[in-house]
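Report on the structure
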Amino acid sequence: MDELPGEIKSLGLDSLFLPGTHDSGAYDNTQKLPIYFEKYVYTQDVDVLGQLCHGARYLDLRVGFYNQSEHLWWLHHEIYLVRPLSHILGDIKTFVEATNEIVIVEFHKFQTGFSKNPSVYLELYQFGTFYLGKHMAKIGWNKLLKDLQTEGRRVIVTYKLQPFADDSSIC
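Residues numbered from 1 in each chain as written. Predicted model: local features only at pLDDT ≥ 70, side-chain atom pairs only at ≥ 80, totals over all residues. Heavy atoms only, no water.

**A look at unusual backbone geometry**
With glycine set apart, most residues show a phi of negative sign, and most peptide bonds adopt trans. Note the threshold: Numbering of helices and strands starts at the N terminus; helices are DSSP runs of H or I of at least 4 residues and strands are runs of E of at least 2.
The phi dihedral of D23 is positive, around 50 degrees, even though this residue is not glycine. Mapped onto the elements of the fold, D23 is located in the loop between β1 (20-21) and α2 (35-41).

Here it is in structure tokens:
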């Protein structure tokens, strides 16, 4: 993105085409699933850092809360747990610290452990902020690409569901 012409850097995010990946966290090929499950669980060939290095700038992350597990936050594909969210957030942090690229992270499809409980959503926000906080942008979609690059806050986190309607300081 550093090499893009000034005309493009002066566009708002709502005017840009950014490539992304579907079910970005569903890539773990080390688990030996029966072949008939593999094609339904895995959607990506490489890890999130690899997806970012190959050009993806939008990540679709489906997260679940599992308070009976060593890791509380897991990415899943439908009902199948794929990997801890902390691994993905670490990949995003590594990528953003090594480049001047923006990354949009959409937390999506909260199937497990949320039960419309706002405190769990707040815990997820705090967990994400622990990893990415200094890189997270508070913006609208009309924010200019060059402004994001200049400010250094280039990770945009969105939720498919907005559980904090009464607290604009969180969203």
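Structure shown, so let's carry the discussion forward.
**Examining the pattern of salt bridges**
Put simply, the rule reads: Salt bridge, as used here, is a side-chain nitrogen of Lys or Arg placed within 4 Å of a carboxyl oxygen of Asp or Glu.
Scanning all chains against the criterion turns up five salt bridges. The residue K143 makes a salt bridge to E151 at a minimum N-O spacing of 2.9 Å.

**With respect to the packing of aromatic side chains**
Defined as follows: Ring pairs shown here join Phe, Tyr and Trp side chains whose ring centres sit within 6.5 Å, with only the six-membered ring taken for Trp; geometry is labelled stacked below 30 degrees between planes, edge-to-face above 60, and tilted in between. Each residue's exposure class comes from its accessible area (1.4 Å probe, protein chains only) as a fraction of the maximum for that residue type: buried when under 20%, exposed when over 50%, partly exposed otherwise.
The tally for this structure, following the rule as stated, stands at five aromatic pairs. Here W73 and F127 contribute two aromatic rings whose centre-to-centre distance is 6.2 Å and whose plane-to-plane angle is 35 degrees, an arrangement assigned as tilted. One end of the pair, W73, is in strand β3 (residues 73-77); the other, F127, is in helix α5 (residues 118-132), and 54 residues separate them in sequence. By relative accessible area, F127 is classed as partly exposed at 21%. One aromatic cluster is present, formed by F65, W73, F127, F130 and Y131 through successive ring pairs.

**Details of empty space enclosed by the protein**
The test is simple: Residues are said to line a cavity or pocket when one of their atoms sits within 4 Å of a point; the points come from a 1 Å grid over protein atoms alone, cavities being sets where a 1.4 Å probe fits but cannot get out and pockets being open sets with protein on both sides within 12 Å along at least five of seven lines. Grid points are joined across faces, edges and corners, and a volume is the space filled by probe spheres set on the points. We call Asp, Glu, Lys and Arg charged. Ala, Val, Leu, Ile, Met, Phe, Trp, Tyr, Cys and Pro are nonpolar, and the rest, Gly among them, are polar.
Taken as a whole and assessed by the stated rule, the structure comprises one cavity of 30 Å³ or more. As a volume, the largest cavity reaches approximately 50 Å³. Contributions of two or more residues to the lining of the largest cavity are made by α5 and β6 (155-159). Counting residues per element, the lining of the largest cavity draws most heavily on α5, at four residues. Taken together, the residues of the lining of the largest cavity break down into seven nonpolar, two polar and no charged.

**With respect to the pairing of strand β4 (residues 80-84)**
Selection criterion: Note on pairing: DSSP must find at least two bridges between two strands before they are called paired.
As paired strands, β3 and β4 are joined by four bridges and run antiparallel to one another. Within β4, the residue paired with H76 across the bridge is L81.

**A look at the environment of V155**
Applied cut-off: Contacts were defined at the residue level, with two residues in contact if any of their heavy atoms lie within 4.5 Å.
Relative to the elements of secondary structure, V155 occurs in strand β6. Along the backbone, V155 and Y58 are 97 residues apart, and their C-alpha atoms lie at a distance of 10.0 Å. For V155, the contacting residues outside a window of four places in its chain are I92, V96, V103, V105, L132, H135, M136 and A137.

**Digging into the confidence of the model for the chain**
Our working definition: Each residue carries a pLDDT score, the predictor's own confidence in it, on a scale running from 0 to 100.
Taken residue by residue, the chain gives an average pLDDT of 82. The fraction at 70 or more is 83%. When the elements of the chain are averaged for pLDDT, α2 gives the smallest value, 63, and helix α4 (residues 85-98) the largest, 96. A low-confidence stretch, residues 163-171 (pLDDT under 50), is modelled with eleven contacts involving residues beyond four sequence positions or located in other chains.

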